[in-house]
Amino acid sequence: EMKFICETDLLQKNIGYMQGVVMGKSSAPISALSIQTKGKDRILMSATDLTIGIKVEVPAEVSEEGKFVLPAKKFSDIIRKLPAKDNVVIESKEDSNKMTINVAKSVFHMLGYNFNELPDIPSLKKENKFEIPQELLRQMMSKTSYAIAKDERGWGFPTGIIYCDTYSFNTK
């Protein structure tokens, strides 16, 4: 069983961000969204279209820890239409695959999927991580984004960005 309270604005913003990243890169829709509690003060939402994945941590007041997988589009449609600046109570029962969403005077019920059937998004190894100021990254990307292939047809190499540093060669 899982139960948490979260601000609708935070859910709306982060689900929109997740859809923009995953759906913006592929024609395959996000079919499932997983939500799992991470301690008593946050949840982890993850989505994938099997070519790209994203994980986002969102502050929440967790009263019962657990995990749940649900249809991403349906959940996104419900969350997007909720009133701003309100708290939403989300609870689920893993054994019955049912989720309840309560906000103000509205109650929504959804059926979910088996958590173990969702592919896991791999985590980066610590030695492959680096930090860069957000503004610097934005400037670098804006100056080079014209060179990124938008379509695999007509290019003799895979689409993407090549990142080189003085110590190693990484493609991302």
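Residues numbered from 1 in each chain as written. Predicted model: local features only at pLDDT ≥ 70, side-chain atom pairs only at ≥ 80, totals over all residues. Heavy atoms only, no water.

## Side note on the pattern of salt bridges
Counted only if it meets this: By definition here, a salt bridge exists when the distance from a side-chain nitrogen of Lys or Arg to a carboxyl oxygen of Asp or Glu is within 4 Å. Numbered from the N terminus, helices here are DSSP runs of H or I no shorter than four residues, and strands are runs of E no shorter than two. Each residue's exposure class comes from its accessible area (1.4 Å probe, protein chains only) as a fraction of the maximum for that residue type: buried when under 20%, exposed when over 50%, partly exposed otherwise.
Counted under the stated rule, the structure contains seven salt bridges. Here Lys-73 and Asp-77 are joined by a salt bridge, their closest N and O atoms 3.3 Å apart. Here Lys-73 pairs with Asp-77, and both are found in helix 2 (residues 72-80), just four residues apart, close to one helical turn. On the accessibility criterion, Asp-77 (21% relative accessible area) is partly exposed. Asp-77 serves as the salt-bridge partner of Arg-80, at 3.0 Å between the closest nitrogen and oxygen. Of this pair, Arg-80 and Asp-77 both sit in helix 2, separated by three residues, roughly a single helical turn. If you follow the salt bridges from partner to partner, you end up with Asp-41, Arg-42 and Glu-57 in one network.

## Digging into helix 2
Here is the rule we go by: Note that the arc is defined by the directions from the helix axis to the C-beta atoms.
Turning to helix 2, its buried residues are Ala-72, Phe-75, Ser-76, Ile-78 and Ile-79. In a view along the axis of helix 2, the buried residues occupy a sector of 165°, so they form one face of it.

## Looking at the sheet that holds strand 6 (residues 67-71)
The pairing of strands in a sheet happens through backbone hydrogen bonds and is either parallel or antiparallel. Heads up, the condition is: Two strands make a pair as long as DSSP finds a minimum of two bridges between them. Where helices are involved, their axes are fitted lines through C-alpha atoms of the stretch in contact, as for all axes, and angles between N-to-C directions lie from 0 to 180°.
Within the open sheet, the four strands sit side by side as 4-3-2-6. Their pairing is antiparallel. A strand with exactly one partner marks an edge of an open sheet, and here the two such strands are strand 4 (53-59) and strand 6. In this sheet, neighbouring strand axes are inclined to one another by 20° on average, regardless of whether the strands run parallel or antiparallel. Sheet analysis places strand 2 (residues 32-37) next to strand 6, joined by five bridges and oriented antiparallel.

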